[in-house]
Number of protein chains: 2
Amino acid sequence: MERNELKEQELLDQALSFIENKQYTLLKNYLADQNPADIAAIMEEVEDKDIPIIFRILPKDEAAETFSYMESETQRKLIVAFSDKELREVLDDLYLDDTVDMIEEMPANVVAKILRNTDIQTRKNINELLKYPDDSAGSLMTIEYVYFNRDMTISEALDRIRSVGVVKETIYTCYVTQNRKLVGVVSVLQLLTADPQTKIEEIMDSNVIYVHTDDDQEYVAKQIQKYDFLALPVVDKEDRLVGIITVDDVIDVIHEELTEDVSKMAGITPNENSYFNTSVFQHAKSRIGWLLFLMLSATLTGMVINHYEHLLVTVPLLYSFVPMLTGTGGNSGSQAATLIIRGLSMDEIQLKDIFKVMFKEFRIALLVSSVLAVVNGARIAIVYWNNDQGVNSILLGLAIAISIVFVIVLAKTVGCVLPMIAKKIHLDPAIMAAPLISTIVDACAVLIYCNVCIIMFDNLL
Amino acid sequence: MERNELKEQELLDQALSFIENKQYTLLKNYLADQNPADIAAIMEEVEDKDIPIIFRILPKDEAAETFSYMESETQRKLIVAFSDKELREVLDDLYLDDTVDMIEEMPANVVAKILRNTDIQTRKNINELLKYPDDSAGSLMTIEYVYFNRDMTISEALDRIRSVGVVKETIYTCYVTQNRKLVGVVSVLQLLTADPQTKIEEIMDSNVIYVHTDDDQEYVAKQIQKYDFLALPVVDKEDRLVGIITVDDVIDVIHEELTEDVSKMAGITPNENSYFNTSVFQHAKSRIGWLLFLMLSATLTGMVINHYEHLLVTVPLLYSFVPMLTGTGGNSGSQAATLIIRGLSMDEIQLKDIFKVMFKEFRIALLVSSVLAVVNGARIAIVYWNNDQGVNSILLGLAIAISIVFVIVLAKTVGCVLPMIAKKIHLDPAIMAAPLISTIVDACAVLIYCNVCIIMFDNLL
């Protein structure tokens, strides 16, 4: 971590000083040794006017790759500054999935400039890829892959890799097709270690794991992860091979999906842009929905309190324990919810396990709540030993203790059941998030507490 | 998702029926076509007595790989059932990092049996790897990698891959060493596309990105992700190449780290086991700490309420709005906290940005709160138009509206500042989680609200 930032800082400072002093030859040699990802990071930091200057002194073969690592905003600035010739050179070296991702981020006029500088075939492919729904395997895949016929020999296969390899996103997993249908898969390791005269079909694995263009990217990620693949083939409805998805794209998907879950669980509408790239208005928009809903639901708790007003007016002291009870309830509930949501999304927990889960949470709740009940009950019995409201502090401690047990058991149950119900009715479990659970538990907690008090302090009422 | 489970279900049912009917030849042929990961999944479902039977009919070359995909509990059952010869066969084919991961999960007697069946050299290597701290690059790496000398020719390099490739975890990225020091990296693509007589040093990239054995696994994951690598070399303190980390291990790390964050943010002590593999007692233990702490902190809010008792006794109605205010405050606070924690862990937000963040959150808070204030203020002004407690409902609505604005602005500020402070003092920002923020905000919310009321309703008090 620290070292990471440190290294980047050095890189950046060095580069910036070259730029300031217009030492472009030094900068050129310096950047030639750097990794494109690092150069892209530098591009994010320099002044707009310098972006094209730096880009133009990059070695041709590194320019396009560097470009693919840049933030879309920086890419836009460059494209605007590019001559058509420069743009064409970059586009020719970009993988199609990167081009498409870029186009999706660009304003219309920039898109026009991009399309104007791509040949008909590429434009056709781009439009194909743009058709796939967001988050689908189709929108994630690239069409730059290596494929063989089953009757090719290994040496022929290796020759093909040599001739086309450099422009393919990965060559290490190659696919075998027969009239465009996917029939097998071979790894470069197999090609290297078998006899050059062997036919592909003799060494290929014909039990191919693949996904369909309309499969969700989360499913794709799970497959790559389960089988430890470097790439996964994508087929259309007629089982024809149309593209591949590489492991590096999947890592981004995993991050995106998990960030989405985390946002939903905090009652925020997920948003693909980074924190700073999201406008104040956008942020407000993505947060206000849930807040509004939860605020109004919270008035439910208010009504419960109104209903027991007499109790709280006669013995106001009782009132001061409500926040502690609702807080504890809400927290226990969201603990359960979080673990269940996580378990569901990792496929560790299945819907059929619901009673197993409920029983487990029930026992956890008993264990946790009894400890909390004893600690807090005792504390209260002592602290309020002689209070001005004639409340027997032992009874008070007992009332709190009993309420804590009931509240936590209820909270844990709600916390584990709601996400599973959500999944059952094909909602995203993550929306049954901490805030919602707390709001529901709050009202119940007050209800439980007030009734316990009424039973135990009827002499005072 | 659905299809995923479906396919697995079919697989499983088919396999189970073969086992029931003791049709082992059919089962053998059936499994021969399946992917090891799928076979491992089947192993998890069958009865204990069948596990060794099934394992023994697996094709030799698939057995070890299947083994590496199994849950450690199933692995244990197998090892216990294994003859020393069988165990040796499996261990020989396992990658060392998998063996070490396994050993870390096993009870002493099983570990003994494993070590008894490994040759001295392997045992030495295992002990080396076991020495590295958990979550370090050293504990994540494998020592099965391909390395060349800089003066080898490409054809010599390819020959080496052919001879040793199959037992290495990846051959697609190879490393160049000079007296064990890491001096360069070459990809198989480069080897295949360059002239066989070229010397390695002519095509190798000498600007190698690497990590140290003691680097944190999170840093490793970030590097692989940043550079889209398939593997990352690991060097010791003397910069000698000691191992590599492959992308598939990193995907697991990313999941682990994010799950950890999510747990912490819900006030749960992270735990590496899955939900069901964690005992009720363990679950309780990992949840009770925070609950206890938060429960006691929540009494702070109680004290505030006590302090304003007179206010709430004279106008009990005012009281019923407290849960709504604390709830809204807590939720707005955790929204901010969640986004900041996420941004920090993705390096999108740096500590130096703190004022930028605060200003942004301030504007968001104003926008969000004014909407909520208007909606709820108006609602209250109308609903409580004539109430029995002589409260002017317009004033009441106004009081609530004003309080909402103050509470949300405060909550967002607390929510974004606390995680950054945590990071600054080298705590994990994720512990400044929703529950803690809510608890803090609760007390402040009541304080703000009561004072607003006192100012606005002094005529009633």
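The structure presented is a predicted model; accordingly, all values stated were derived computationally and were not measured. (Residues numbered from 1 in each chain as written. Chains lettered and ligands numbered in written order. Predicted model: local features only at pLDDT ≥ 70, side-chain atom pairs only at ≥ 80, totals over all residues. Heavy atoms only, no water.)

### What to know about the sheet that holds strand E4 (residues 211–212) of chain B
All names here are of chain B.
Part 1: A sheet is described by the order of its strands in space; here 3 strands give the open sequence E4-E5-E6, paired in mixed fashion. Of all the strands in the sheet, the pair left with one neighbour each is E4 and strand E6 (241–246).
Part 2: The sheet contact formed by E4 and strand E5 (residues 231–235) spans 2 bridges and is parallel. In the sheet register, Val 211 faces E5, and the bridge partner there is Val 234.
Part 3: Its contacts with the sheet put helix H15 (residues 217–227) on E4, E5 and E6, and the angle it makes with E5 is roughly 135 degrees. (Pairing = 2+ DSSP bridges. Helix = DSSP H or I, 4+ residues; strand = E, 2+ residues; numbered from the N terminus. Contact = heavy atoms within 4.5 Å. Axes fitted to C-alpha atoms, helices over the stretch in contact; angles between N-to-C directions.)

### Some words on the nonpolar core
Part 1: Membership of the largest hydrophobic core comes to 117 residues, with the highest contact counts inside it found for Phe 55, Phe 67 and Ile 79 of chain A together with Phe 55, Phe 67 and Ile 79 of chain B.
Part 2: Each residue touching Phe 55 of chain A, except ones within four places of it in the same chain, is listed here: Met 43, Ala 63, Phe 67, Leu 78, Phe 82 and Val 90 of chain A.
Part 3: Listed in part, the 88 residues of the second largest apolar core include Ile 288, Leu 311 and Ile 364 of chain A together with Ile 305 of chain B. (Core = buried A, V, L, I, M, F, W, Y, C linked by side-chain atoms within 4.5 Å. Buried < 20%, exposed > 50% of the residue type's maximum accessible area, 1.4 Å probe, protein only.)

### Observations concerning the packing of helix H5 (residues 60–69) of chain A against helix H7 (residues 84–93) of chain A
Residue and element names in this part refer to chain A.
Part 1: Relative orientation of the contacting elements H5 and H7 amounts to 75 degrees, with a least axis distance of 9 Å. Here H7 runs roughly perpendicular to H5, going by the angle between their axes. Where H5 approaches H7, its residues Lys 60, Ala 64 and Phe 67 are matched on the opposing element by Glu 89, Val 90 and Asp 93.
Part 2: Tallied by class, the residues present in the contact of H5 with H7 amount to 3 nonpolar, no polar and 3 charged. (Parallel < 35°, antiparallel > 145°, perpendicular 65-115°, else oblique. Nonpolar A, V, L, I, M, F, W, Y, C, P; charged D, E, K, R; others polar.)

### Focus: the relation of the copies chain B and chain A
Part 1: Placing chain B over chain A gives an RMSD of 0.1 Å and needs a rotation angle of 180 degrees, together with 0.1 Å of translation along the axis. Considering both components of the superposition, the chain copies are consistent with a two-fold axis. Looking at the rotation axis and the C-alpha trace of chain B, the residue lying nearest is Val 313 of chain B, at 2.9 Å.
Part 2: Looking at the interface residues of chain B, 100% of them are also at the interface in chain A, so both copies use one shared face. (Least-squares fit on C-alpha atoms with pLDDT ≥ 70 in both.)

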